[in-house]
Number of protein chains: 8
Amino acid sequence: MSVQIVLGSKSDRKVAEKATSVLKELGVKYKVSVASAHRTPELVERLVAEADAEVFIAIAGLSAALPGVIAARTHKPVIGVPVSGALNLDAILSIVQMPPGIPVAAVGLDRGENAAILAAQILSLKDGRIAEALEAHRQRLKENVAKDSQEVEM
Amino acid sequence: MSVQIVLGSKSDRKVAEKATSVLKELGVKYKVSVASAHRTPELVERLVAEADAEVFIAIAGLSAALPGVIAARTHKPVIGVPVSGALNLDAILSIVQMPPGIPVAAVGLDRGENAAILAAQILSLKDGRIAEALEAHRQRLKENVAKDSQEVEM
Amino acid sequence: MSVQIVLGSKSDRKVAEKATSVLKELGVKYKVSVASAHRTPELVERLVAEADAEVFIAIAGLSAALPGVIAARTHKPVIGVPVSGALNLDAILSIVQMPPGIPVAAVGLDRGENAAILAAQILSLKDGRIAEALEAHRQRLKENVAKDSQEVEM
Amino acid sequence: MSVQIVLGSKSDRKVAEKATSVLKELGVKYKVSVASAHRTPELVERLVAEADAEVFIAIAGLSAALPGVIAARTHKPVIGVPVSGALNLDAILSIVQMPPGIPVAAVGLDRGENAAILAAQILSLKDGRIAEALEAHRQRLKENVAKDSQEVEM
Amino acid sequence: MSVQIVLGSKSDRKVAEKATSVLKELGVKYKVSVASAHRTPELVERLVAEADAEVFIAIAGLSAALPGVIAARTHKPVIGVPVSGALNLDAILSIVQMPPGIPVAAVGLDRGENAAILAAQILSLKDGRIAEALEAHRQRLKENVAKDSQEVEM
Amino acid sequence: MSVQIVLGSKSDRKVAEKATSVLKELGVKYKVSVASAHRTPELVERLVAEADAEVFIAIAGLSAALPGVIAARTHKPVIGVPVSGALNLDAILSIVQMPPGIPVAAVGLDRGENAAILAAQILSLKDGRIAEALEAHRQRLKENVAKDSQEVEM
Amino acid sequence: MSVQIVLGSKSDRKVAEKATSVLKELGVKYKVSVASAHRTPELVERLVAEADAEVFIAIAGLSAALPGVIAARTHKPVIGVPVSGALNLDAILSIVQMPPGIPVAAVGLDRGENAAILAAQILSLKDGRIAEALEAHRQRLKENVAKDSQEVEM
Amino acid sequence: MSVQIVLGSKSDRKVAEKATSVLKELGVKYKVSVASAHRTPELVERLVAEADAEVFIAIAGLSAALPGVIAARTHKPVIGVPVSGALNLDAILSIVQMPPGIPVAAVGLDRGENAAILAAQILSLKDGRIAEALEAHRQRLKENVAKDSQEVEM
């Protein structure tokens, strides 16, 4: 089982690294490609057709058509990550406001790590080891908050 | 396998019906409850703890904390549906802009049907019949568009 | 010479009629089809490949990917018309904020008539009769404003 | 009498320091903790249950559920401070747009000092010394404006 | 102990009635006046000087200066309720975005009932009967949600 | 004849300097004061009552009540200048969206120079020398654009 | 002395009537014309050149270029009134955000009456009778608020 | 055949350079001028009347009236490029939201390169060499994406 990550542009790389870093930690396999819905539509199409993955993560900014264009060509869950820019609302609304029939699962602006966790949650329905990794990951989050609370003494 | 739908308020009912109508069509079992993150937090907590479901759909408007509050207490995928109101951006951003570590899968404003399809896509990773139902569902969508194209003669 | 109009959904019909009514008046040939970037991507692709038109007008609401998806597959000018809904900014920004390399010519919200005039302006570079029709059309606009000014006596 | 300050994340520290600095000046006791509505919901719950305070100040950014989640579990006044980020409107609207029945008292973006003054105004209903401290504090504000007016000579 | 409610205009009456209806239910005394920060500034000033109340609720739309103008002339807590109109963000931001030193406690758009509950929460610090009334009020909210959950069977 | 400039805070100084620099150039007398609608309401009131000026320019950010509060206490024209910050729309809408009966003349964000020119246009109705200065000022603007056009050779 | 009112379109009539009704009440002469910055630019130009008025009021919606286009061709004060539509922010920002050098005095959305009062305030610098009419007008506003306060008894 | 580029201000130069750089690459002739719709309306008018070009590109920020003012005086296609600033939505909406009858073809914020490509697409209807240059240009875009995909290995 694995995740196919697609970046709309090389400049979205930092957001993708947040995703891959969490996927590694959770023991989830993934592949990363760059393919633009607008500049290389055939490449996106081929990527979707050939992808040997259970979940897609599509990362894009501006008029972020990429997640929707992938969702239009697969029945697998597609997670969309809007990338920040001059407006931010353009990418968020382009990814969230999909028409009836073709859902995209939008996460927050630049929130690559949440796309990874969501992908892992989906895969964990079939793979118990991922479920355990998710539990451990959240346990660490909780411990970090507890530590922060001790440090913050004013 | 099933989906637990949670409405933040009885007034979100119309959006929930879009979801249940699609889930029925796809042959996916579901349960619907009303539970408010702000008015009945213990009820939400109990619902999450006791739910015998693989995926959650949380439907809420205004400062729509419900999807995030559910996501905070489960490792299962949580789909959030913002409900329209005077502002719309309040519900959309409350659901999309989750902090690192706790993802919610946001779909579009009032888009109950897309929450249902996304839930079915997730469940279809384990259940081949749902995968087939999804394919048939999209086929009907495509045929409707084709029919529409013939009707629209100007 | 002609214009290919594409509607993302039958519900965008009213905006399309504004366009066709002006095209008729200007003596510009056109064809209207319904094809959704998200529900029928192959249909959009085929439409673009087979279209015997010099200019495209794409009309869509919500996450309005249609104009961009058409622009990604042609070198001909593509005019995008955002359709009003609960948010309006979603359709406007999805159509305006195209990435570098793939332009869409966005006109205003529900502004089908302006898409038609822009298409005619483009075609008029090759066809003098359309240029004359445009001049006559604007002359009528001017006369209407003059008449309005007389009527408005307060 | 005292104030319980809760930060959604250690990164909200600067806003909290504006609050604690004013509370010190006004002679109001306080305690500061970090507890995330999404990452450590049980911690928030415990904090609210055990807090020996008359007023809560909750400081959070993004989908800022923290103030509402605290308000859902107490009858004491809860003041919410939205923290600035890429969008700003997400945190403001998440805190302001609470559903009927569960109020949060929202102050401005990053406005920790105003949360402190509002908390002091509430406590001053029972404690005359805080009322006097508030009067002195505002007197200093007025004198600063007067001084500024002299300096600004153009 | 009592609450002074101030409406910026008679047209804000519906929002005020949501507040008075809840205050009655909670057994909190109140007085209602109309006074505009822009049309009758001296009236607002006199109202604040003479008010025999522990808390102010100021209800206003558009450039909603009223809550801030009251807060500028008292050390008592001032709750601001933005009233809906063509923009909504104008009233919300005018009330939320107060400068350092002069807080207003903003509640949601048209949320008169939440202003009332917040006022009662503040007064309950001194009056145990109000605290009990608040508990009973929330208990009813919880029961309503439970009833709604039973009714919503799809 | 003269202009009274009021700054809501010393931090609005840069915007005020744009105004005073233009007023000097146009030969219009002015006085600058700092007075906050929220922190020093009595000072604003006194300033308005005692001002020996024909026009007011009020410069403020955030919930920018200052221009409206001045307009509420005078029949002379009041020009409002919104000052940029984290949101920008808060200051713009607070100044533009005045209720019926009490106008403020809003100019653009940080546009102190335009407030000065507008004030001079108003005063020029009585003073022909200011009218001439305005003409000369715009002539220089035109010449600058012409010069810019020559420089920009690509 | 008089005011020249210009409507961008006959559909802006209702907003113009708010202005003319107040101007009549204040005893200020005016003339109303329809002239579109985009459809009849020469007409706008001629209107400005020939207008025998001290102040302009320009009323327009959408991309409301009319006030700015008038301001570009006169040194007299130009008041801009944004007209409401599907977006509202388009007209407000088009009128407020003028470049350095060419001010427009923006009033609120659909706020024709405020444009009239502002025009009268400007003219009253030369005409004492208008100053008196303004004082009487505001006195009536104040009395209306007082009456409203008595009526609103809850 | 050629393109006339008009900048509203010298400060829009960077966006214009994106356009000219692409036009050069595509072998399209162009001329660049600075002319402000608000500061030099006669210059804009003269420029439009005398321009020996088939397409206009107008680049402007703030209340970006320039593209519309040009479109009001020609029947040739006018492409508008909004320039980024403190708000961004002001320039985008001013250019997109044109009234019925006078279209502007809006491209994205600061998207000079897309204005150039759109202009070339329009001209290519008459000039086959430009059509070939466009094809080569997009081919390079595609190859760059392919190269990026290889580089991004995480």
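Please refer to the structure higher up on the page.
Residues numbered from 1 in each chain as written. Chains lettered and ligands numbered in written order. Predicted model: local features only at pLDDT ≥ 70, side-chain atom pairs only at ≥ 80, totals over all residues. Heavy atoms only, no water.

### Observations concerning the overall build of chain A
So, step 1. Across its full length, chain A carries 6 helices and 5 strands.
So, step 2. Here chain A has a C-alpha radius of gyration of 16 Å; the compact-globule value for 154 residues is 15 Å, and the two agree.
So, step 3. Each principal axis of the C-alpha distribution contributes one length, and for chain A these read about 55 × 40 × 30 Å.
So, step 4. For chain A, buried positions account for 71% of its 154 residues.
So, step 5. Residue pairs at least 24 apart in sequence account for 69% of intrachain contacts in chain A once pairs closer than 6 positions are excluded.
So, step 6. As displayed, chain A offers around 5,100 Å² of accessible surface, 47% of which is attributable to carbon and sulfur atoms.
So, step 7. Distance from the positive charge centre (18 side chains) to the negative charge centre (18 side chains) of chain A: 5 Å. (Helix = DSSP H or I, 4+ residues; strand = E, 2+ residues; numbered from the N terminus. Rg over C-alpha atoms; globule rule 2.2 N^0.38 Å. Buried < 20%, exposed > 50% of the residue type's maximum accessible area, 1.4 Å probe, protein only. Contact = heavy atoms within 4.5 Å. Areas by Shrake-Rupley, 256 points an atom, 1.4 Å probe, with all protein chains shown as cover. Lys, Arg positive; Asp, Glu negative; His and termini not counted. Charge placed at Lys NZ, Arg CZ, Asp CG, Glu CD.)

### Side note on the interface of chain D and chain A
So, step 1. Each side of the interface is counted separately: chain D has 20 residues, and chain A has 12 residues.
So, step 2. The contact between chain D and chain A buries some 1,400 Å² in all, and 66% of this surface belongs to carbon and sulfur atoms.
So, step 3. Along the contact surface separating chain D from chain A lie 2 salt bridges.
So, step 4. As a salt-bridge pair, Asp148(A) and Lys10(D) come within 3.7 Å of each other at their nearest N and O atoms.
So, step 5. Where chain D touches chain A, the interface holds 4 residue pairs in polar contact (both at pLDDT 80 or more).
So, step 6. Elements with a minimum of two residues in the side of chain D that touches chain A: helix 1 (13-26), strand 2 (29-34) and helix 2 (41-50) of chain D.
So, step 7. Residue composition of the side of chain D that touches chain A, by class: 11 nonpolar, 4 polar and 5 charged. (Buried area = accessible area lost by both parts, 1.4 Å probe. Salt bridge = Lys/Arg side-chain N within 4 Å of Asp/Glu carboxyl O. Polar contact = N/O pair within 3.5 Å; in protein donor to acceptor, adjacent residues only side chain to side chain. Nonpolar A, V, L, I, M, F, W, Y, C, P; charged D, E, K, R; others polar.)

### Things to note about the interface of chain E and chain D
So, step 1. Each partner contributes to the interface: chain E provides 38 residues, whereas chain D provides 38 residues.
So, step 2. Both sides of the chain E and chain D interface together cover about 3,400 Å² of buried area, and 62% of this is carbon and sulfur.
So, step 3. Of all residues in chain E, His75(E), Leu125(E) and Arg138(E) bury the most surface against chain D, accounting for 22% of the area lost on that side.
So, step 4. Linking chain E to chain D there are 0 salt bridges.
So, step 5. Listed by contribution, the elements that provide at least two residues to the side of chain E that touches chain D are helix 4 (89-96), strand 5 (105-106), helix 5 (112-123) and helix 6 (128-151) of chain E.
So, step 6. For the side of chain E that touches chain D, the leading source of residues is helix 5 of chain E, giving 6 residues.
So, step 7. Its residues assigned to classes, the side of chain E that touches chain D comprises 23 nonpolar, 7 polar and 8 charged.

### A closer look at the relation of the copies chain E and chain D
So, step 1. You can overlay chain E on chain D at an RMSD of 0.0 Å; the transform is a turn of 180° with a shift of 0.0 Å along its axis. Read as a symmetry element, the transformation amounts to a two-fold axis.
So, step 2. Here 100% of the interface residues in chain E have copies in chain D that are interface residues too; the copies meet face to matching face. (Least-squares fit on C-alpha atoms with pLDDT ≥ 70 in both.)

### Examining the relation of the copies chain D and chain A
So, step 1. For the pair chain D and chain A, the relating rotation is 90°, the translation along its axis is 0.0 Å, and the fit reaches an RMSD of 0.0 Å. This pairing of chains is accounted for by a four-fold axis. In terms of C-alpha distance to the rotation axis, chain D has Leu87(D) as its closest residue, with the C-alpha 6.3 Å off the axis.

### Regarding the layout of surface pockets
So, step 1. Approximately 1,100 Å³ is the volume found for the largest pocket.
So, step 2. Around the largest pocket, the lining is made up of 40 residues, and of these Leu89(A), Leu89(B), Leu89(C), Leu89(D) and Leu89(E) lie nearest the centre.
So, step 3. Mapped by element, the contributors of at least two residues to the lining of the largest pocket are helix 4 (89-96) of chain A, helix 4 (89-96) of chain B, helix 4 (89-96) of chain C, helix 4 (89-96) of chain D, helix 4 of chain E, helix 4 (89-96) of chain F, helix 4 (89-96) of chain G together with helix 4 (89-96) of chain H.
So, step 4. In this structure, the second largest pocket spans a volume of roughly 600 Å³.
So, step 5. Per-element accounting of the lining of the second largest pocket gives the leading share, 4 residues, to helix 6 of chain E.
So, step 6. By residue class, the composition of the lining of the second largest pocket is 14 nonpolar, 12 polar and 8 charged. (1 Å grid on protein atoms, 1.4 Å probe; cavity = no way out; pocket = protein on both sides within 12 Å on 5 of 7 lines; lining within 4 Å. Points joined across faces, edges and corners; volume = space filled by probe spheres on them.)

### Some details on the packing of helix 1 (residues 13-26) of chain F against helix 6 (residues 128-151) of chain F
All names here are of chain F.
So, step 1. At a minimum axis separation of 9 Å, helix 1 and helix 6 run at an interaxial angle of 115°. Residues Val22, Glu25 and Leu26 of helix 1 lie in contact with helix 6, whose contacting residues are Ala133, Leu134, His137 and Arg140.
So, step 2. Classifying every residue of the contact of helix 1 with helix 6 by side-chain character gives 4 nonpolar, 1 polar and 2 charged. (Axes fitted to C-alpha atoms, helices over the stretch in contact; angles between N-to-C directions.)

### Considering the environment of Lys29(B)
Residue and element names in this part refer to chain B.
So, step 1. Along the chain, lysine 29 turns up in strand 2 (residues 29-34).
So, step 2. In the structure, lysine 29 is positioned 27 residues away from serine 2 in sequence and 4.7 Å away in space, judged by C-alpha atoms.
So, step 3. Discounting chain neighbours no more than four positions away, the residues touching lysine 29 are Met1, Ser2 and Val3.

### Regarding the side chain of Asn88(G)
So, step 1. Among the secondary structure elements, Asn88(G) is positioned in the loop between strand 4 (78-82) and helix 4.
So, step 2. For Asn88(G), a relative accessible area of 6% gives the class buried.
So, step 3. From its side chain, Asn88(G) meets the backbone oxygen of Ala86(E) in a polar contact 3.4 Å long.
So, step 4. Residues in contact with Asn88(G), not counting those within four places in the same chain, are Ala86(E), Leu87(E) and Leu109(G).

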